[in-house]
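Per-entry structural report
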Amino acid sequence: MRRRVVTVAIAALAALALLALLVAVGRWEKRRAAHEELAGMRTVLAAIGGNIVSPSLSGYRYGPPDCLAYHDRVMLLALQLCFDSEGRLVQAVDRRPDQPRYYSLEYEPSLSTIRFNRTTIDELLQLAASRTG
Amino acid sequence: MVVTFAAGSGFTPSLKRHASDTRWIVLMIVCAAALLDAIRRLVATRALPPRGLLRFGLLAATFLVVAVISTAWSVSPRLTFERAGSLTILFVLAAAIASSTARDVAARVRVFQGLAAGAIVVGLLGLFVLVFDYDAAYIGGEVWRYRGFGENPNTVAILAAAALPLILGLALRAGSRGRRAAWLAGGLLLVASIIASESRGGLLAAGAGTLIVAALGVEGLRNRTAAVAALVLVFAGGIALREALEPPPTPFASQVAPAPPPIPTKPVPPKKSKSKQHPRAKPGSPGKHAKRPSPTPRSIVPKVRKTALLPREEDEIGHPGLSKKSTTTLASGRLAAWSGALDLIGERPILGYGFGTEQKVFVDRWFYFNGGMTENSYLGLLLQVGAVGLALIFAMGAALAAGGLRALRVLRGDEQLLALMGLGVLVAACAIMVIQSYLYSVGNVATATVWISLFALAPVALEPRAAPKRIRAAAPEGVS
């Protein structure tokens, strides 16, 4: 009887340890994925010049998420940044390669640590909309 | 229950609205009734549920545990918890039915009859829609596709694919010609519905599931060959018809707009920005971009020339105005979307983004693809619960497949045919998984039919030698 209790206790502890391990791995994956997406977003942002207020502004779309596009030397809509209602950068797109590269935290905007002034974003959206040709 | 869930994915928004709440109430009531019945039977016989069911239940429970604790790393913890809860209710319902019917072949036949009849009623309701509200019964566009009672052409097609192995098995075991004709007529109605829906995946799944039942369940070599040949002709013919009707894809011509020529202007010193950094903005590298003294939009007004409105988010990849190359149109654009889903999976491959979050994580950005989800349950599982969750589902499927095939050699009569029907549903379910995100979504039209059938197979498949003993114990005079 006592041996059985010990076996059950060990099994329960092992199950708990496994659950804790799963949670730890799940959260580690979450942090790592967010880090990689943010790194990708920063490369797109850097390609625009590090600032969303840029003369290369070339396109827009009201969302959510609200998006601004920027041209490079070749393509009109080469780069794209999208923001949530609080100004967090939740998506960046690089269309310069043959296959576009997407970096997104649209599924959980709170993971994004890149934030811009929402008023500036709204002004840029209005400006882009007024220049549509 | 099958009809209520079909109405939850019904052909009109008002029907969907009314049925979307009702289906959960029906699910709870049926679950409570099945649970009470299972407990009553277990208490009466003073026995535990069959060992085979306990083994399968352990795998199912492990999957549920992973689904529930994925709340800890989910991108939407509440959604994950709710979805895991609804799947738990369905698993409890299916396990209770399996426990109640494990020792009662006639009861298991009635369960399968109920599931099959539900699918046939949905097929009949589709016919009513076709007769009384023709415009609502199909989806137009380049190809006419029948949707009948369902939300889209795939809705009824996947329910029919899951139910057809049951219907064929019931037709094979029918005691009278009249009953056999009735089941076959119901089956033909569903086959016709799938063909008219032009759902290639539905046809493939229905073909695979029914072929198993026909190849192993029809008695006599001549009858068996005729049945298999007829099924191959019908389903291959349906797929060929869809291929013939499919319009050729329009040739892709990139219309990517070139960048505007540079404006030779003197550098304008930036004005002091009136807009301030957001108070909650975090310091550090990301903030650097925002914190740097930046010109207000007004300072760039003269420099910003013609702009363009971006296409819809769901059309970005493969859009002629944005893309240098086309994306594949194969499988209605699914292959291109699956490649994108694999990229997402690669970010969190072990445990995924949290159970029930597929719709939130996967964003349709493909020009030739229409769907809010990956439309593939294997990728959907990887996305939600990673390789760990998919491995558990594989383990459940492999245990049932291996055990079910072994059981066919041991079992005889109705017990054998019921195991075969369960295997047919398993094969159809695996095929549907290739074209639909459904197995883990309780609200889906086919999910309940599949899980109830699979749980009913478990006691037999995972403990086949106990089956004859159980049958003798339950009905000493013998059940054919």
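Residues numbered from 1 in each chain as written. Chains lettered and ligands numbered in written order. Predicted model: local features only at pLDDT ≥ 70, side-chain atom pairs only at ≥ 80, totals over all residues.

This brings us to the interface of chain B and chain A. On the side of chain A, 53 residues touch chain B, which itself brings 47 residues to the contact. Elements that contribute at least two residues to the side of chain B that touches chain A include exactly α3 (51-69), α10 (285-291), α11 (297-300), β3 (308-309) and α13 (358-361) of chain B. Considering every element that reaches the side of chain B that touches chain A, the biggest residue donor is α10(B), with three residues. Among the residues forming the side of chain B that touches chain A, the class breakdown is 28 nonpolar, eight polar and eleven charged. Examined bridge by bridge, strand β1 (residues 57-61) of chain A and β3(B) share two bridges and lie parallel to one another. Looking across to β3(B), one finds that G59(A) is bridged to A308(B). (Contact = placed C-beta atoms within 7 Å. Helix = DSSP H or I, 4+ residues; strand = E, 2+ residues; numbered from the N terminus. Nonpolar A, V, L, I, M, F, W, Y, C, P; charged D, E, K, R; others polar. Pairing = 2+ DSSP bridges.)

The next subject is the sheet that holds strand β4 (residues 89-94) of chain A. Strands belonging to one sheet form pairs held by backbone hydrogen bonds; the direction of such a pair is parallel or antiparallel. Strand order in the open sheet made by the six strands is β5(A)-β4(A)-β3(A)-β2(A)-β1(A)-β3(B), with mixed pairing throughout. Both outer strands of the open sheet, β5 (101-104) of chain A together with β3 of chain B, are each paired with one neighbouring strand and no more. Examined bridge by bridge, strand β2 (residues 66-70) of chain A and strand β3 (residues 79-83) of chain A share five bridges and lie antiparallel to one another. Among the inter-strand pairings, C67(A) is bridged to a residue of β3(A), identified as C82(A). Strands in contact with helix α1 (residues 2-48) of chain A are β2, β3, β4 and β5 of chain A; relative to β4(A), the strand with the most contacts, it is inclined by about 65°. (Axes fitted to C-alpha atoms, helices over the stretch in contact; angles between N-to-C directions.)

Residue and element names in this part refer to chain A. Of all six residues in β4, five are buried; the element is thus mostly enclosed. Two elements, β3 and β4, share five bridges in a ladder whose sense is antiparallel. Bridging from a neighbouring strand, L79 pairs with D94 of β4. Between β3 and β4, which pair antiparallel and follow one another directly, the connecting turn spans five residues, one of which, G87, has a positive phi of 90°. Sheet topology note: the β4/β5 ladder contains four bridges and is antiparallel. (Buried ≥ 20, exposed ≤ 12 C-beta atoms within 10 Å, placed from the backbone.)

Residue and element names in this part refer to chain B. Where helix α6 (residues 153-173) contacts helix α15 (residues 413-435), the axes come no closer than 9 Å and their chain directions differ by 165°. Regarding the angle of α6 to α15, the classification is roughly antiparallel. Judged by the sense of rotation from one axis to the other, the crossing of α6 with α15 is right-handed. In this structure, α6 contributes I158, A161, A162, P165, L166, G169, L172 and R173 to the contact, and α15 contributes D414, L417, L420, M421, G424, V425, A428, A429 and I432. Broken down by class, the residue content of the contact of α6 with α15 amounts to 13 nonpolar, two polar and two charged. (Parallel < 35°, antiparallel > 145°, perpendicular 65-115°, else oblique. Left-handed = near helix turned anticlockwise from the far one by under 90°.)

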